[in-house]
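One-letter residues, chain by chain:
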Amino acid sequence: MSNTPMAANPLTRAVLEIDEYVSGLGWDRPARLFALVDTARLRTQEPALAAQLGLEGESETAGLTPIEQDEVPAGRPLDDFLGTIAWPDAVAGCALTVERLMLPPSAEASVPEGLDEAGLAKWVAAHPDRQEVRMTVAVLRDGTRESALRLREKDTPTEVLTGADLVPGLAEALTATFED
């Protein structure tokens, strides 16, 4: 039984379900990619898979089922990897979880000039105001998006922030996986 709170729409529920699942695995994990499929369609077209996922007894008609995909390659830049993805028609959307270090907006003015990407990452990792965050971002084929952010220092389900535009760059990159 999921502890995911009831959300206003199926995409938000799917994002919170993925956040809860990944939270149970702990921190310091690689990125994870999920296909989102229409639950009713899955039960009709793939009853054996639906049974394997424990969906055969559910009465919900409007829902999305997250299905974890193969591991995201560790040594490859995420944007390069996402550029290689093409989803079959049965996939209604996709989601990705990734952990990152973030700084508050007030730290932006103190970023040293001339840092390359590796230097910037090292500077952020050493900054005293850094926050470890897990982002779960999901998009549907029609462009609808949702995100959940969980801070490591406030790692409880009641402290998860949700919103459609929390991680716009990642949402755009995921949306691009549905373009021809």
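Check the entry above for the structure.
The numbers attached to residues start from 1 for each chain and follow its sequence in the written order. Predicted model: local features are reported for residues with pLDDT of at least 70 only, side-chain atom pairs are reported and counted for 80 or more only, and whole-chain, interface and lining totals are derived from all residues. Computation of side-chain values: all heavy atoms of the structure, hydrogens and water removed.

### Observations concerning the sheet that holds strand 2 (residues 64-68)
We call two strands paired when DSSP finds no fewer than two bridges between them. The secondary structure listing takes helices from DSSP runs of H or I that are at least 4 residues long and strands from runs of E that are at least 2 residues long, numbered from the N terminus. With antiparallel pairing, the six strands of this open sheet are ordered in space as 2-1-3-4-5-6. Among the strands making up the open sheet, the edge pair consists of strand 2 and strand 6 (161-163). Averaged over all neighbouring strand pairs, the angle between strand axes comes to 20 degrees, with direction disregarded. Judged from the 10 bridges that link them, strand 3 (residues 93-102) and strand 4 (residues 131-140) form a sheet pairing that is antiparallel. Its bridge partner being in strand 4, Ala95 is matched across the sheet by Ala138. For this analysis, residues touch if any pair of their heavy atoms sits within 4.5 Å. The convention used is that axes are lines fitted to C-alpha atoms, helices contributing only their stretch in contact, and that angles between N-to-C directions extend from 0 to 180 degrees. In the packing of helix 6 (residues 168-176) onto the sheet, the strands contacted are strand 3, strand 4 and strand 5 (145-151), and the crossing angle to strand 4 comes to about 35 degrees.

### Details of the environment of Gln131
By the element assignment, Gln131 lies in strand 4. Overall, the relative accessible area of 23% leaves Gln131 in the partly exposed class. Separated by 30 residues in sequence, Gln131 and Leu101 have C-alpha atoms that sit 5.5 Å apart. When sequence neighbours within four positions are dropped, the list of residues in contact with Gln131 reads Arg100, Leu101, Met102, Leu151 and Glu153. Only protein chains enter the accessibility calculation, which uses a 1.4 Å probe; a residue is then buried when its area is under 20% of its type maximum, exposed when over 50%, and partly exposed in between.

### A short note on the nonpolar core
By size, the foremost hydrophobic cluster in this structure holds 25 residues, and its most contacted members are Leu78, Trp87, Leu96, Leu170 and Leu174. Where this core is concerned, the elements lending two or more residues are strand 1 (32-38), helix 4 (78-82), strand 3, strand 4 and helix 6. The element best represented in this core is strand 4, accounting for four residues. With near-sequence residues (within four places) excluded, Leu174 lies in contact with Leu82, Cys94, Leu96, Val137 and Val139. To form a nonpolar core, buried Ala, Val, Leu, Ile, Met, Phe, Trp, Tyr and Cys residues must be joined to one another through side-chain atoms within 4.5 Å.

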